[in-house]
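Structural overview for review
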Amino acid sequence: IVFETDHLTLAYEDRVLIRDFTVTVQRGDRIALVGPNGVGKSTLLRALLGDMVPTGGSIRRGTRLDVAYFDQQREQLDPEATVMDSVGEGRLTIAIGGRQEHVAGYLRRFLFPPERLRSPVSMLSGGERNRLLLARLFAKPANLLVLDEPTNDLDADTLELLEETLMEFTGTILLVSHDRAFIDHVATSTWLFDGKGAVHEHVGGYSDLPSPAPSPAPALPTKASAAKAPAAPLAVPPRKRSYKEQREIDEIPARIEVLETERTALQAACADPHFYEQGEAKIASLFERLAIIEQELSERYARWEALESS
């Protein structure tokens with residue numbers, strides 16, 4: 001058991017937010033807290049974590065809980081620290097999932113190329129800062145993740161990365177979010193706040209919540225509307241590729257394979273614990289070559305897609 005509440009009641013400034021809530025949270029549960037702002041979702045999280053004394057009822061907490069908390073305000077990053085030091089705190093390796101991993105290799109999962117690792121936080125974009133915060137979060141030893149509005153201000157790539165990382169997490173997750181698709185992808189059960197003090201537990205994500213009323217069936221088209229409907233466009237036969245285009249399509253995969261093989265070898269070199277013991281010129285040269293490879297790969301893939309869809 002991670003948490004167990006018995007007739008829990010929480011009030012704030014004479015207003016009852018949670019009334020008579022009894023629930024059991026077990027290890028591995030992925031629970032989404034859903035409801036309008038101001039109904040007590042963050043308050044319930046604080047109470048479960050012991051940061052707030054219940055107005056009534058009781059909370060029993062499991063033993064050996066290691067909590068990693070990601071809140072709406074987001075922790076502050078040191079603008080003078082580098083990307084690597086923000087996660088490694090001066091170390092080249094960190095413990096991830098019970099094993100030691102090089103910080104550079106770990107940060108690659110969060111879309112940081114090697115040439116970005118020595119950049120100060122002040123030089124990062126908003127999206128890069130969010131990814132760095134997530135990297136710091138998942139670098140902490142934790143068996144309970146508490147995420148309060150984690151998807152705010154995340155770009156599509158970072159949101160996809162967050163979902164993938166959460167799916168690999170083997171502990172317990174409590175999350176507050178208004179992102180329906182995110183909840184459907186991550187949550188195994190949902191607590192629905194009705195705004196009147198009641199919290200209802202449901203199995204599944206947002207799409208599994210009971211609907212207040214069925215959607216009206218679409219009206220059947222009448223003869224008049226059918227007559228006015230535009231005719232379906234005639235199918236246009238696909239354009240035949242030129243000999244030069246077809247030859248380019250045939251050659252691109254081989255070039256991509258060569259580039260990806262070289263990139264893998266260079267990334268493995270970066271992940272070596274002794275990599276940063278080399279001279280600065282050699283390190284800079286490797287990073288420069290990696291940047292060139294990444295640029296060419298991006299161009300090759302874009303060209304391949306354009307040719308295939310033409």
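Now for a look at the structure at hand. Note that the structure is a prediction, hence the values are computed from the model and not measured.

Attention now moves to the pattern of salt bridges. Within the structure shown, the criterion is met by 11 salt bridges. For Arg 91, the salt bridge goes to Glu 89, with nearest N and O atoms at 3.9 Å. Its salt-bridge partner being Arg 255, residue Glu 296 comes within 2.9 Å of it at the nearest N-O pair. Of the two residues, Glu 296 is situated in helix α9 (residues 280–309) and Arg 255 in helix α8 (residues 243–271); the sequence distance between them amounts to 41 residues.

Side chains of nonpolar character tend, in soluble globular proteins, to be buried together. If you look at the biggest cluster of nonpolar residues, it comprises 56 residues, and the most contacted ones within it are Val 87, Tyr 106, Leu 107, Leu 132, Phe 138 and Leu 166. Not counting chain neighbours up to four residues away, the residues in contact with Leu 166 comprise Arg 30, Phe 138, Leu 145, Leu 147, Ile 173, Phe 182 and Val 186. Membership of the second largest hydrophobic core comes to 25 residues, among which are Val 2, Ile 31, Ala 47 and Trp 191.

What follows deals with the sheet that holds strand β2 (residues 15–25). Taken in spatial order, the three strands make up an open sheet running β2-β1-β4, and their pairing is antiparallel. On the outer flanks of this sheet lie β2 and β4 (56–61), each paired with one strand and no other. Going across the sheet, the axis of each strand differs from the next one's by a mean of 25°, ignoring polarity. Pairing between strand β1 (residues 3–12) and β2: seven bridges, direction antiparallel. In the sheet register, Tyr 12 faces β2, and the bridge partner there is Arg 15. Of the strands in this sheet, β1, β2 and β4 touch helix α1 (residues 41–48), which is tilted by about 125° from β1.

Parameters and conventions
- Residues numbered from 1 in each chain as written.
- Predicted model: local features only at pLDDT ≥ 70, side-chain atom pairs only at ≥ 80, totals over all residues.
- Heavy atoms only, no water.
- Salt bridge = Lys/Arg side-chain N within 4 Å of Asp/Glu carboxyl O.
- Helix = DSSP H or I, 4+ residues; strand = E, 2+ residues; numbered from the N terminus.
- Core = buried A, V, L, I, M, F, W, Y, C linked by side-chain atoms within 4.5 Å.
- Buried < 20%, exposed > 50% of the residue type's maximum accessible area, 1.4 Å probe, protein only.
- Contact = heavy atoms within 4.5 Å.
- Pairing = 2+ DSSP bridges.
- Axes fitted to C-alpha atoms, helices over the stretch in contact; angles between N-to-C directions.

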